[in-house]
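Chain by chain, the residues run as shown.
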Amino acid sequence: MSAADTTTPVKVPPPRQAPPPHAAERPRANQPSGGTAVPWLLLAPCLLILALVMGYPLARLVTLSFQKFGQSQLWGFQPAESVGFDNFAKVLGDGEFWTVVVRTIVFAAGAVVFTMVVGMAIALLLQRVSGWLKVLINIVLVASWGMPVIVATTVFKWLFDSDYGVFNALLSKLPGVEMIGHNWFASGPEGLAVIMLLVVWGAVPFVVITLSAGLTQVPKELEEAARLDGAGSWGVFRYVTLPVLKPIIVMLTTLSVIWDMGVFPQVFVMRGGHPEPEFQVLNTYSYDRAFVVNDYAQGSAIALITVLLLLGVVAVYMRQMLKIGEVE
């Protein structure tokens, strides 16, 4: 008898059968039907309110911008006439309009940069102070943020008053400086700089609170590793903190651009309801054309151009956010 005859045959396990095709794609028994409709049903009340509150005014704005509409049409003495793109041609061919556009862009850019720099500096400083001081600063920030614009504007008018202003009195304490009686609103650049400070003062609290929340998400391990590699405070901020805060910074910058491009009450109230030509920004210029000159069609055309400019800012924001999402 050979060794091959005495060896116990090894049992080979049967091959595993492949699962039937499309087995993983079978719907679950407990999966609710019509799941895609649930989010739209939940959003329906909000969308309805937005359509009622913003839909009609926006549609009316577009309609007026393509019509001839003045006081005669407002009171019903004459019917509104369609003029096509004549209102836009008059606005875009007006040199004063482009001066206002440039002034608005410069004003918004300065306010946004100042807001983001000051907000980031305060947010970083809040990470280094004790608990009770941080709570106190946050209370002050929220209180200043919640102050009505009219009240804040009145306070700033008093601070920069030519005769009784606190700011002039403080500057006059410096050696060789005499600012008593100086009128900050005698020239457009100085007056707009004061209004810019007012806008920044009202916007900084939101930026500080948002950036402070974002700074809590920066991993301490990455900061310690960067310091061990020889990075200083600036290096840690540039290569660790900024990349983590980039989505928040993009969001805050975009919102600040939209808010500062649409500034109206600060300029309107600071100049007593009648902004001079050197103080005009897009919103006050549109208001002036519509309700002072009584050319509602041109005012609507200017407002619609402003909306299109802001939509361009939103498009840039969405593109940046999509890029950040692809990287992550």
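Everything discussed here concerns the structure shown above.
These notes cover the structure that comes with them. Sequence order as written defines residue numbering, which begins from 1 separately in each chain. Note on the predicted model: pLDDT of at least 70 is required for a residue's local features to be given, and 80 or more for side-chain atom pairs to be given and counted; whole-chain, interface and lining totals, by contrast, use all residues. Water and hydrogen atoms were dropped before computing side-chain values, which therefore reflect all heavy atoms in the structure.

### What about the side chain of Ser144?
In step 1: To qualify as a helix, a DSSP run of H or I must reach at least 4 residues; to qualify as a strand, a run of E must reach at least 2; elements of each kind are numbered from the N terminus. Relative to the elements of secondary structure, Ser144 occurs in helix α6 (residues 131-146).
In step 2: When its relative accessible area of 13% is taken as the criterion, Ser144 is described as buried.
In step 3: With residues near it in sequence (within four places) discarded, Ser144 still touches Trp201 and Pro205. Throughout, exposure labels follow a simple rule: accessible area from a 1.4 Å probe, protein chains only, divided by the maximum for the residue type, with under 20% read as buried, over 50% as exposed, and the rest as partly exposed. Contacts are assigned to residue pairs that have any heavy atoms within 4.5 Å of one another.

### Things to note about a nonpolar patch on the surface
In step 1: Taken together, the side chains of Trp40, Leu43, Leu47, Leu48, Ile49, Leu50, Leu52, Val53 and Met54 present a nonpolar region at the surface, about 960 Å² in accessible area.
In step 2: For Met54, the position within the fold is in helix α2 (residues 37-65).
In step 3: When its relative accessible area of 53% is taken as the criterion, Met54 is described as exposed. Patch membership is restricted to residues that have no salt bridge and whose relative accessible area is over 30%. Joining uses 9 Å for like charges and 5 Å for the nonpolar side chains Val, Leu, Ile, Met, Phe, Trp and Tyr. Here the accessible surface of atoms and residues is derived via Shrake-Rupley with a 1.4 Å probe, and residues count as covered only by protein chains that are part of the display. A side-chain nitrogen of Lys or Arg and a carboxyl oxygen of Asp or Glu constitute a salt bridge if their distance falls within 4 Å.

### A short note on the environment of Ala290
In step 1: Residue placement: Ala290 occurs in helix α13 (residues 282-292).
In step 2: Put simply, Ala290 and Ala303 are 13 residues apart on the chain and 9.9 Å apart in space, counted from C-alpha to C-alpha.

### Comments concerning the nonpolar core
In step 1: Ranked by size, the top nonpolar core spans 24 residues in total, and within it Phe107, Trp184, Phe185, Val194, Ile195, Val199 and Met270 carry the most contacts.
In step 2: Put simply, the parts of the chain that give this core at least two residues each are α5 (95-126), α7 (149-159), α9 (188-215) and α12 (265-270).
In step 3: Of all the elements, α9 adds the most residues to this core, at nine residues.
In step 4: Once residues within four sequence positions are removed from consideration, Val199 is found in contact with Phe107, Ala111, Asp260, Val263 and Gln266.
In step 5: Counting 16 residues, the second-largest nonpolar core is a separate cluster that includes Ala123, Leu245, Ile249 and Leu252. Take the buried residues of types Ala, Val, Leu, Ile, Met, Phe, Trp, Tyr and Cys, join any two whose side-chain atoms come within 4.5 Å, and each joined set is a nonpolar core.

Limitation: the analysis is restricted to geometry and does not speak to function.
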